[in-house]
Every structure is written in C-alpha cells, then in structure tokens.
Amino acid sequence: MPFSICNSVVSFSMYTQFAVELKDVTKRYNEIVAVNNLNLTISTGEIFGLLGPNGSGKSTTLKMLLGLVQPTAGSVNVLGLDVQKQPVEVKRLVGYVPESPNIYEFLTGIEYLDFIADIYGVPTAEKKQRITEYLKALQLEGREGDMINSYSDGMKKKITLISAFLHKPKLLILDEPLNALDPRSARIVKEFLYELKMQGVTTIMSTHVLEIAQALCDRIGIMYQGQLLALGNMDELRQKASLPRSGLEDIFLRLTGTEDLRAVVEELMK
Amino acid sequence: MNWKNVLFLMQVERKSGRLLRGIKATKYRENAFLAYWPYWTAAIIGVLGGLLANYITSIVYSTAAIPSLPSLSNETLSVFVVLPTIVLVISLVFTLLQQIQLSGIKATAQVMYWLPVTWQEHTMASIFANLLGLPIGIVLGLTSGIIVFSIFNGLILQALLTALALCAAAFMASSITEILRVLQVRFVGAVYKSSGRAAIWVRFIGSLLFFIIFYILYFYLTSGFTSFLQNLTQAQSALWYIPFIWLALILSYIIKGLFLQGILFVGLSALFIAGLYYLAVLLNKRFGLYEPPAITIQKSGVYTPKTGLLGKLGFSNVEAAIIRKDLRGFTRRREVIGIFIAPIIMIIIPLMQSIGVTSGSAASQANPIFTGIIFLLPAGFMAMLLGEILIGEEGQAVWRIYASPVSPKNLVKSKYFFVTLFSTIILLISGTIGTVFYHPSAQDVIVAFLETFFVVLAVGSISLSIGFKGADFSETRRARMIRQEWSLIGVIVCAVAGAAVLAPLVPYVIASFASSFIPGLSASSFNLAISVIISGVISLAITAVFYRINIGLAQDLLRKAEV
C-alpha cells in the first residue's frame, strides 16, 4: 500500500485510549532547558512524528518516555503506566531504537538478537521463527554469525530495529529509524510500521527526513528550543503555517523561522 | 615533507591523551604551560639532578682525604657512553607498552587518512607521537641533567653530543615500535583469516600469551636493571655489529679522539635510522589502510536457539542472558583480556621464584607462604577486579540494559554470579597448580580452598558495590569501566574485608610458626574447624550486607539512567 494515503486510512476517532501522556514535562541540564513544559498525548495505534532542528529536545523527549532520562518536572505515562513508578513494566511493552546504535560489538548478530529475545522473555519456538524471518527480510542472512564490530552502520541499524520489533511491543519509540538503511530495507520497515499500526501498535518516531514523516505519520509535532511549536496532521500544520498547499519542508522551515535560507547560501558562495 | 602537518598531527595525538586521562571534553581550555607539565617537570628535575650531582662531586673531589680518585671527566664520560643504549631500551619498552594499551581502544585517534597528508608525514608524526609522555620526559630530564653538570665540569661539547645521541636513540626505538605496530595489524589479520571460526579463541589465547610473555620479560628486565647496566657497559664495544649499540660507539670513539671511526658510525647510524623510517613508511603505505577480516563465530544457516544450563540452576531468562553476554564479552574483548593477566602472573611469579627461575636464593621446596599466595591471591584479585569493572564494562551499550525490562535484582544476581563463578574457576586452577607444586597436606588444601572461597564471596560482593558506585561507561579512545578513585577505594576496602574473613585463622597461623621456638605452644591446641566456620560466618555476613547494598545501588543506577 502506498504510504501517501496512510494519513487518510485510519480515522482518528478509532483511537480510544492514550498510549502516551506527557503532562507539564520539563527537563533541565544545569542552565540548559532541553524540554520546556511539554504537554502531549498520543493515541493508541497512532504513528506520531516528532520533528525539530538539532538540539530541539526530540531525543530527550523520546528518552523520557522510556525512563532513560528523568524529567526535572511533570509526569510521563506510557500505556497507562507511570514510567517512574513502573519502569520495568513499561520497558517490557516498548521497543526502542536509539539514534546511535551502540550495541554489544563483541557479540555476533544472532547472539545479540538471542540476548534481546531472552531479556524480553520471547518463548524459544517463537524466538527462532521471528529471528530467522527478520534476518531474511532485512538481508542479514550470511552475516548473522559475524561479530557486530565488523558490521556497517546500516547493518547495525538493522540489528537494532529487529531487536525493537522482536518481542512484539505495544509501543515503538524510534529515533531516526531509517538512517543508514538501504532503500529496500527502509521500504520494508515503513510498510512494517504501517502493518503494526493496523494491529494497534503505537509508533513515535523522530526523523529529519521530512518526506518520510509526511508520508508515514498520522500526526506530527514540531519541537523548537524545547517547546512544542506545532502539533497536528498535515492539514492542521498547513493551516497553522498559513501555507495551504505546501509540503512539510516548507511548513517546517516557516514554523521554525528558518525559511529564508537564500541569504545563507549566498553568503557561503562568496 | 610538510613539517607543519607533522606538528598538527602530533598535537591531535597529544590532545587525545586528555581522553585517556578522562578529562571532560566540554568547555576544556588548554593552558599552554600546564599542557606540557610532564616535560617541564622532567627538565626541571634534570637541572636539579645535574646541580646536585655537581655539588656532590665537587665535595668529594675537593676532599684530599680520599686518595687515588678516578678522573671525574673519565667517569662522567663513561656514564655518557651508556646513556643512548639505556634510552633506547627504555623508549622501546614504553612505546611498546603504549601500543599494547592502544590496541584495546575502540575509537582510534589515528591520523585521518582522507586528509591531504602524505604517508611520510603520517609516519613521522606517528613515530614522534609514540614518544609522547615518559620517553620524551626521560630524554629531556637526562639531557638537561648532563648539560647542567657538564657546564660546571668543562664537558659541554660531549654533553651536547650525548644529548643528540639520546634523541636519536629515542627516535630509533619509536621507529621500531611503529614497524612492529603495522606488522602486527597485518599479521593478526592473516591469522584471523586462516583460523576461520576458531579466530576468536586464537585471538584470546594469542593475546593472553603475548601479555604474559611481555610482562614476565618486563619484570625480569626491571628487577635486574643494575646488573643489566653493568653488563651493558662492558659489552658495548664487543657488540659493535648490533646497530642499536652504534650510537654509544659514536660517543665512545669521539671521546677517545678516534674521529674516523666516530664519523663512520655516525654515517652507519644515520643510514640505519633512515632505513627504519623508510621501512615504516613503506609498511604504512602497504598495510596502513588494512582492515582485519570479520571474525565469524557461527556458521550461516537456520538459527537454532540453545537451551542453557543456567536456567536449570535457577536463573531467570534475563539473568541467564546477561551472564551469557558477559561471558562472551570476557573472551572476546581485547580490553578486558588484560584482567586474566593479574591472576596468571600471580601464579607464575611465585612458581618461578620457588623453582629458582628468577632468583637463585629463593626456596625451591614446599613453602606454606607460596602455597597460601597461590591459593588466595589469584582468586581474590580476580573477584576484586571483576566486580569493579563488571558494571562499567557495559560501556556505551549500557542503554540496552536501561531500556530493557531488567530489574535491579536481575542485574545484581547475574553480575554477582559471574564474579564468583570466574573467581572460583581461578581458585580451582591455581589451587590445583599449588597442590601439584608444593604438596601441602590434605587439611591445608581444604582450609586454603574454603578460606579463599569465603574471601571470593565477600570481596566479590564488595567490589560489585564499588563497580556500581564508580562505574565509568565512557569509551572515548578506550573503555575505562571504573573511575580511578573508586578503583583505589575498592583495593583498600577489599583488602580490609579479606583480612576480616581471614582473621579467625591468625592465632592458628601464629601458633604454627611460633611452635618451633616457643615450648609448649602447639597449633593443634587451636581448633582449625572452628576458625574456618567463623571465617565463613564473617564472609556470609559481609556478602549479605553488600548484596542488599548492591540491590539499592542497581535500583539507583536504573532509575537515574541518563543516556
């Protein structure tokens, strides 16, 4: 199914429960405010895109959802659970892909996936079936017995993605999930995310590839300097940016106040 | 050659030393004077040493009471002559040691090959960079010392010549290290390729053997340095055909006024140094971009999960997975292979001493002290070292633990089991070797085994707490695993805990030693079994208390996880 029609396939009214709820969340690193008074709800089965320039607080927000960063103020609820009070329970239901795939490089690909499956308690028969299928789908067959330190960045990303999908999570938190992937694998992941959405799995992804966000996400949040600048589907964002027929790139640049780039390029050309 | 490029590359290498020392990279402002403190300090120590030597010799030589003193200038020059060879040996040992340390580094600070830098510049910078730190410090210290001393004694020309020879010796040593470094990378790659799936074990055993041989040679050389110097002075002229001696021979001939021979060896030395440098350039050109092949551990094909023994021992899936992961890490990560060396050296050195390899005066028969050492130290140290690094060894991949449904109990149980399992294996190995070599009585073997096991339990629990408190997950340049201050604290606390566990045995041990010269005192008057039981109780108490502390620390670590 082409991704351009995804937005219209699932009506928003089908979402009955919030998968994620952030209330007045702030995260400070000494004087730096990474996330400032963020309020956000994401519904079950939604694909939500979190966009923003570098350093806008996207990764910090994603990490707070999983308890990898503790908020300075506010509360974070994931799948009906308080992240700070029930961290292990939350983690059991979530699949996470970090921006930089730092993984145990001394393990082979198959050993790493085996480790992840055991950690999440995937039964042995299912483990075998799922790992074999994922390796085949993402074309890692033949290299699964090699140590990860010999893998390319793309292969490491594939292993990280498989490890996020392996235990059939209810919520996927993906930080730049398609970075470094070859076009075929990127397409498979996109289709797979869509299929998961149809099964009620919620996905929150951060990306700088605006075409992907536009094609794949039901709603998009644009963060800037730690705050949620805009939130909504494409039509709502167009309205907010007063750009009725524009694509996400133009909307993003307008909303973040960085649209006048011609002067910058001209300066560089001098 | 563009020397500016060489200088820039060296500066990158020097600054990367901050990462090795764990200096925070953010907001780091370098003070030009402080950045070079080891070198200024070495030079100042050299100057002070030169002044002190001059002061002492002037007092000695102005005293008429000491008849027939050898000529001061002759004695000084005989010292100058051996200095280049000493600097060469020291530089070679330290530059090689530095390369061994760097071999475990994850993100290398090697020259960026895509920059417009020639191989000649890269090699020259690499040779100089090898010398950064102690080798340059020693050259600077010695040079400033001999120059200051010579100013007062009219030997300034000879001192300047010696200083040049010292610089050449250091360069020569570093060039050899550079050649060995490049060859080692290519050789290791070839071994991996030919070993196939056994490559990981070849690497493990090869690295272990290399470290052990190197450290034994290093200990042997440093413990016998005085006799080494004496032999060197006498043997230099007889060994004229060895290029490493040529720098010393130049000095020797010129000082004796044999200029023709001196100039001949200057030419030969220059050719040799240039040859080493061009060989290093050639090897870098050929193998500098060589990437060792991937290590394949399993065959490709249909994946079949294995059912583990750990589950049958009562470990949950999560705990068993962490234990298996750590086990694989410890046989595959070069930076942690070093942890196996301390126990092995602790077994080998007493054995060598007891069979008279390193010292002729050492006892060659059964010795209760050696028996105790060989049982206690390797396993005790293993428990301490493992516990201290087992949390920090997760490194940058620690997010995987944070993001996974791992409870504090899971984490502590799996890590503590790993520490005690490995240490107990070391105890069994070292105990068997000790029993075979020293033939202790059955009672001594049982007591030594039990006491060491109790020490392992207690020290393992404590060192794991230290590991939690001082965990260092940074991997910039090399995995640090534990912060230095916590490592030191760990040594002290573990030593105290070990002493506390062994304390109930003290009356028995004292009585055993003193019974031969104190009539009426007998070791048998102390009930050994009760002492061992008390030791066990102390050990279990310490273990239980620190196990609970560890759960709290793990909870803290997982709750405050900041990736």
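From a predicted model like this one, the values you see are computed outputs, not experimental measurements. (Residues numbered from 1 in each chain as written. Chains lettered and ligands numbered in written order. Predicted model: local features only at pLDDT ≥ 70, side-chain atom pairs only at ≥ 80, totals over all residues.)

Colleague: Before we go on, may I ask you to explain the overall build of chain A in this structure?
Modeller: A tally of helices and strands in chain A yields 11 helices and 10 strands. On C-alpha atoms alone, chain A measures out to a radius of gyration of 19 Å, which is about the 18 Å that the 2.2 N^0.38 rule sets for 270 residues. Along the longest, intermediate and shortest principal axes, the C-alpha atoms of chain A span 55 × 50 × 40 Å. Counting every position in chain A, which comprises 270 residues, the buried fraction comes to 47%. A separation threshold of at least 6 residues defines the contact pool for chain A, and within that pool the share at least 24 residues apart is 70%. (Helix = DSSP H or I, 4+ residues; strand = E, 2+ residues; numbered from the N terminus. Rg over C-alpha atoms; globule rule 2.2 N^0.38 Å. Buried ≥ 20, exposed ≤ 12 C-beta atoms within 10 Å, placed from the backbone. Contact = placed C-beta atoms within 7 Å.)

Colleague: Hey, could you run me through the overall build of chain B in this one?
Modeller: Regarding its fold elements, chain B presents 22 helices and 2 strands. Looking at chain B as a whole, 39% of its 563 residues qualify as buried.

Colleague: Honestly, the packing of helix H7 (residues 156–195) of chain B against helix H10 (residues 246–255) of chain B in this entry has me stumped. Any pointers?
Modeller: How two helices sit against one another is set out by the angle between their axes and by the gap between those axes. All names here are of chain B. Viewed as axis vectors pointing N to C, H7 and H10 meet at an angle of 165 degrees, and their least axial separation amounts to 9 Å. Looking at the two axes, H7 sits roughly antiparallel to H10. You can see that H7 and H10 cross each other, and the crossing is right-handed. Here Gln-158, Leu-161, Thr-162, Ala-165, Ala-168 and Ala-169 of H7 lie close against H10, whose contacting residues are Leu-247, Ile-250, Leu-251, Ile-254 and Ile-255. (Axes fitted to C-alpha atoms, helices over the stretch in contact; angles between N-to-C directions. Parallel < 35°, antiparallel > 145°, perpendicular 65-115°, else oblique. Left-handed = near helix turned anticlockwise from the far one by under 90°.)

Colleague: Please explain the interface of chain A and chain B as it appears in this structure.
Modeller: A common way to report how large an interface is uses the accessible area buried once the components associate. With 38 residues of chain A at the contact, the number on the chain B side is 35 residues. Put simply, the parts of the chain that give the side of chain A that touches chain B at least two residues each are helix H3 (87–93), helix H4 (109–119) and helix H5 (124–137) of chain A. For the side of chain A that touches chain B, the class distribution of residues is 17 nonpolar, 10 polar and 11 charged. (Nonpolar A, V, L, I, M, F, W, Y, C, P; charged D, E, K, R; others polar.)

Colleague: Looking at this structure, how should I read the sheet that holds strand E3 (residues 47–51) of chain A?
Modeller: Within a sheet, each strand pairs with its neighbour through backbone hydrogen bonds, oriented either parallel or antiparallel. Residue and element names in this part refer to chain A. What the 6 strands build is an open sheet, ordered E6-E7-E8-E3-E9-E10; its pairing is mixed. Sheet topology places strand E6 (94–97) and strand E10 (227–232) at the edges, where each strand pairs with a single neighbour. On average, each strand axis in the sheet is tilted by 15 degrees relative to the strand beside it, whichever way the strands run. Bridge analysis of strand E9 (residues 219–224) against E10 gives 5 bridges, and the strand direction is antiparallel. Across the sheet, the residue bridging to Met-223 is Leu-228, located in E10. Here helix H2 (residues 58–65) sits on the sheet in contact with E3, strand E7 (171–175), strand E8 (202–206) and E9, set at roughly 150 degrees to E8. Its contacts with the sheet put helix H9 (residues 234–241) on E9 and E10, and the angle it makes with E10 is roughly 120 degrees. (Pairing = 2+ DSSP bridges.)

Colleague: Looking at this structure, how should I read the nonpolar core?
Modeller: One broad trend across soluble globular proteins is that nonpolar side chains are buried collectively. One finds A:Leu65 and A:Ile173 to be the most contacted residues of the largest nonpolar core, which totals 150 residues. Among residues more than four places away in sequence, those in contact with A:Leu65 are A:Val20, A:Val76, A:Val78, A:Val83, A:Ile173 and A:Ile204. Of all hydrophobic cores here, the second largest spans 56 residues; its members include B:Leu9, B:Ile90, B:Met124 and B:Leu140. (Core = buried A, V, L, I, M, F, W, Y, C linked by C-beta atoms within 7 Å.)

Colleague: I keep staring at the packing of helix H3 (residues 37–62) of chain B against helix H6 (residues 134–153) of chain B and nothing clicks. Help me out?
Modeller: All names here are of chain B. It is the contact of H3 with H6, at a shortest axis distance of 7 Å, that shows an interaxial angle of 30 degrees. Classified by the angle their axes make, H3 and H6 are roughly parallel. You can see that H3 and H6 cross each other, and the crossing is right-handed.

Colleague: Please clarify how helix H5 (residues 119–131) of chain B should be interpreted in this entry.
Modeller: Turn by turn, an α-helix covers 3.6 residues, leaving residues three or four places apart pointing in a common direction. Residue and element names in this part refer to chain B. In this model H5 runs 19 Å from its N-terminal to its C-terminal C-alpha over 13 residues, within 8% of the 18 Å that 1.5 Å per residue would give. Counting buried positions along H5 yields 11 of 13 residues, so the element is predominantly enclosed. Turning to H5, its buried residues are Glu-121, His-122, Thr-123, Met-124, Ala-125, Ser-126, Ile-127, Phe-128, Ala-129, Asn-130 and Leu-131. Downstream of H5 by a residue or two, Gly-133 has a phi angle that is positive, lying close to 100 degrees. (Expected span 1.5 Å × (residues − 1).)

Colleague: It is not clear to me how the sheet that holds strand E2 (residues 32–43) of chain A should be interpreted in this structure. Could you clarify?
Modeller: All names here are of chain A. Sheet architecture is open: 4 strands sit in the order E2-E1-E4-E5, paired in antiparallel fashion. Both outer strands of the open sheet, E2 and strand E5 (81–82), are each paired with one neighbouring strand and no more. Pairing geometry for strand E1 (residues 18–29) and E2, over 8 bridges, is antiparallel. Residue pairing for E2: Phe-18 is matched across the bridge by Ser-43.

Colleague: Would you mind showing me how to read the confidence of the model for chain B here?
Modeller: Should pLDDT be low for a region, the predicted coordinates there are not to be read in detail. Residues and elements named next belong to chain B. A residue-level look at chain B finds 83% of positions with pLDDT of 70 or above and a mean pLDDT of 82. Considering only residues more than four positions removed or in separate chains, one finds that residues 357–365, a stretch of pLDDT under 50, has 12 contacts. Model confidence for the complex is summarised by a pTM of 0.78, with the ipTM given as 0.82. (pLDDT = per-residue confidence, 0-100.)

Colleague: Looking at this structure, I do not really get unusual backbone geometry. What am I missing?
Modeller: Residue and element names in this part refer to chain A. Located in the positive-phi region is Lys-168, a residue other than glycine, with phi close to 50 degrees. Positionally, Lys-168 belongs in the loop between helix H6 (153–165) and E7. In this structure, Ser-242 takes a positive phi of about 55 degrees despite not being glycine. Secondary-structure assignment places Ser-242 in the loop between H9 and helix H10 (248–255).

Colleague: Explain the pairing of E8(A) to me, please; I cannot follow it from the model alone.
Modeller: In the case of a regular strand, side chains alternate between the two sheet surfaces. Residues and elements named next belong to chain A. Burial within E8 is extensive, with 5 of its 5 residues counted as buried. Going residue by residue along E8, you find Thr-202, Ile-204 and Ser-206 tucked away on one face and Thr-203 and Met-205 tucked away on the opposite face as well. Where E3 meets E8, 4 bridges bridge the pair, whose relative direction is parallel. Each bridged residue has a counterpart across the sheet, and for Ile-47 the counterpart in E8 is Thr-203. Where E7 meets E8, 5 bridges bridge the pair, whose relative direction is parallel. Each bridged residue has a counterpart across the sheet, and for Asp-175 the counterpart in E8 is Ser-206. In this region the chain leaves E7, passes through helix H7 (residues 183–198) and returns to the parallel neighbour E8; the handedness of that crossover is right-handed. (Right-handed = clockwise from strand over helix to strand, strands pointing away.)

Colleague: Looking at this model, I keep getting lost on the pairing of E7(A). Mind explaining?
Modeller: Residues and elements named next belong to chain A. A large share of E7 lies buried, amounting to 5 of its 5 residues. Residues Leu-171, Ile-173 and Asp-175 line one face of E7 and the alternating positions Leu-172 and Leu-174 line the opposite face, and both faces are buried. The pairing of E6 with E7 spans 4 bridges and is parallel. In the strand pairing of E7, Gly-95 is matched with Leu-172.

Colleague: In this structure, what is going on with the environment of B:Gln184? I would like to understand it.
Modeller: All names here are of chain B. Tracing the backbone shows Gln-184 in helix H7. Classification of Gln-184 by C-beta neighbours within 10 Å gives partly exposed; the count is 15. Counting along the chain gives 131 residues from Gln-184 to Phe-315, while the straight-line C-alpha distance between them is 42 Å.

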